[in-house]
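Notes for the structure review
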Amino acid sequence: MIPKTLDPRGWRCVVYPVLSSTFLRFWEQYALCLRAGTKLWTTSPRRTCSSAVLSYFTCLAEEAAVSVSTSGASSSGAAGSQLPPRKMIGVLLLFLLFLLYIAAPQIRKMLSSGVCTSTAQLPGKVAVVTGANTGIGKETAKELAQRGARVYIACRDVQKGELVAKEIQTMTGNQEVLVRKLDLADTKSIRAFAKGFLAEEKQLHILINNAGVMMCPYSKTADGFEMHIGVNHLGHFLLTHLLLEKLKESAPSRIVNVSSLAHYLGRIHFHNLQGQKSYSAGLAYCHSKLANILFTRELARRLKGSGVTAYSVHPGTVNSELVRHSSFLQCIWRLFSFIIKTPQQGAQTSLYCALTEGLENLSGNHFSDCHVTWVSAQASNETIARRLWDVSCDLLGIPMD
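Right, let's walk through the structure included here. (Residues numbered from 1 in each chain as written. Predicted model: local features only at pLDDT ≥ 70, side-chain atom pairs only at ≥ 80, totals over all residues. Heavy atoms only, no water.)

Our next topic: the overall build of the chain. Of regular secondary structure, the chain possesses 14 helices and eight strands. Evaluated residue by residue, the chain yields a buried proportion of 48% over its 401 residues. Partitioning the intrachain contacts of the chain with sequence separation of at least 6 by distance along the chain shows that 75% fall at a separation of at least 24. Just so you have it, the chain exposes about 20,200 Å², and 59% of that area is on carbon and sulfur atoms. (Helix = DSSP H or I, 4+ residues; strand = E, 2+ residues; numbered from the N terminus. Buried < 20%, exposed > 50% of the residue type's maximum accessible area, 1.4 Å probe, protein only. Contact = heavy atoms within 4.5 Å. Areas by Shrake-Rupley, 256 points an atom, 1.4 Å probe, with all protein chains shown as cover.)

Rendered as structure tokens:
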């Protein structure tokens, strides 16, 4: 416990020295474990860490034993066996971190409970996955190709996309993995992609709007839209519009929009949709993810009875390149990498919505861990969804119904 005489306002005077001394001792023991010839860092870091923690606690026990032996009376010996308050705090902190590290596999399993169990095969089917040259999109494209689909990797970095396509072709044996340039920050690129695809393909069964940006400094797309709303929402809105007739002709077909739990913090401020009056990189991302859900709900309403269904998904907290614009989030992701989902785990809900039979009646719903989940009050507001649709059409020059 922290001594009662300590000024609560000076808690840093206790916490900082405790943390520094505790972890200094821990790393000393860790170094000893390595020097002892174990050299387990590359093969079993968990075992090496465990050995270091055990060594640290052994040192503390030895110190306590020495304290007891040097005390005169039994009463003073009992008091001497107690560790100083600061050291007790350090022991507790290290022990809690140790438990977290040991429990990491179970925690990750718990946070990654959703798995797509569909056995559907896709020979003769055509799928488009945006942003499939990395992360969740790559894993999604890989699984669709594994099931026999003709997969289009739609991405901005064509060279990187070609490398991913070759990797998927080698792993799955499916040579029908194609790469086409798509820059969602440029409506000319979106229209060029759609024109090329429609000339090349007679069908489209699965469209997964996966690509996105996060925590960008304030910037604009080629058409003057704020980057988050422009790429995450308007870019996919236009792409879906341009491919919609092909999806209807190929029905039954599905559209999956990758959103986020961050939508709970989002708001659609129509007077500040482009961040021209006030801007926060974090909130701009949240607003765009809310827009994804509203778009999905209104799209599903308009497509009712067409044979085309739409779903929005929260993939979970995934270790991907999405946080590349935020040094802070990169540090957090590295710190908690042992419990954050892998891209393969993050792709499961997208795959579930794209492949699982019997989801037609759930069109327009939001999914997480392969189950329907709750959305914020604004995300379920039909009036806002319809207005956002109309505003999006106006911004993109699309005739309104």
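What follows is about helix H13 (residues 348-355). With respect to burial, H13 is a largely interior element, eight of its eight residues being buried. The elements touched by buried residues of H13 are helix H6 (135-146), strand E4 (206-209), strand E5 (253-258), strand E6 (308-314), helix H12 (343-346) and strand E7 (366-368).

At a closest axis distance of 10 Å, the pairing of H6 and helix H7 (residues 158-172) adopts a crossing angle of 40°. Here the hand of the crossing between H6 and H7 comes out right-handed. Taking contact as the criterion, the partners of Lys-138, Ala-141, Lys-142, Ala-145 and Gln-146 in H6 are, on H7, Val-164, Glu-167, Ile-168, Met-171 and Thr-172. Of the residues assigned to the contact of H6 with H7, the class counts are five nonpolar, two polar and three charged. (Axes fitted to C-alpha atoms, helices over the stretch in contact; angles between N-to-C directions. Left-handed = near helix turned anticlockwise from the far one by under 90°. Nonpolar A, V, L, I, M, F, W, Y, C, P; charged D, E, K, R; others polar.)

This next bit is on the nonpolar core. Among the nonpolar cores identified, the biggest contains 38 residues, and Val-128, Phe-193, Phe-197, Leu-243, Ile-255 and Leu-299 are the most heavily contacted of them. Among the secondary structure elements, those contributing two or more residues to this core are strand E1 (126-130), strand E2 (150-155), helix H8 (187-200), helix H9 (227-249), helix H10 (281-302), E6 and helix H14 (382-396). Residues within four places of Phe-197 in sequence aside, it is in contact with Val-126, Val-128, Tyr-152, Gln-203, Leu-204 and Leu-243. (Core = buried A, V, L, I, M, F, W, Y, C linked by side-chain atoms within 4.5 Å.)

Here the focus is the environment of Lys-181. Topologically, Lys-181 is positioned in strand E3 (residues 177-181). A relative accessible area of 47% places Lys-181 in the partly exposed class. In the structure, Lys-181 is positioned 28 residues away from Ile-153 in sequence and 8.4 Å away in space, judged by C-alpha atoms. Not counting the four nearest positions on each side in its chain, Lys-181 is found in contact with Cys-155, Arg-156, Val-158, Ser-189 and Phe-193.

A few words now on the pairing of E1. Of all five residues making up E1, five are buried, and the element is well covered by its neighbours. Burial of E1 is two-sided: the residues Val-126, Val-128 and Thr-130 facing one way and the residues Ala-127 and Val-129 facing the other way are all buried. The pairing of E1 with E2 spans five bridges and is classified as parallel. Across the sheet, Thr-130 pairs through a bridge with Ala-154, a residue of E2. Judged from the three bridges that link them, E1 and E4 form a sheet pairing that is parallel. Residue pairing across strands places Val-129 opposite Ile-208, the latter belonging to E4. (Pairing = 2+ DSSP bridges.)

Any functional reading would require information beyond the geometric quantities listed.
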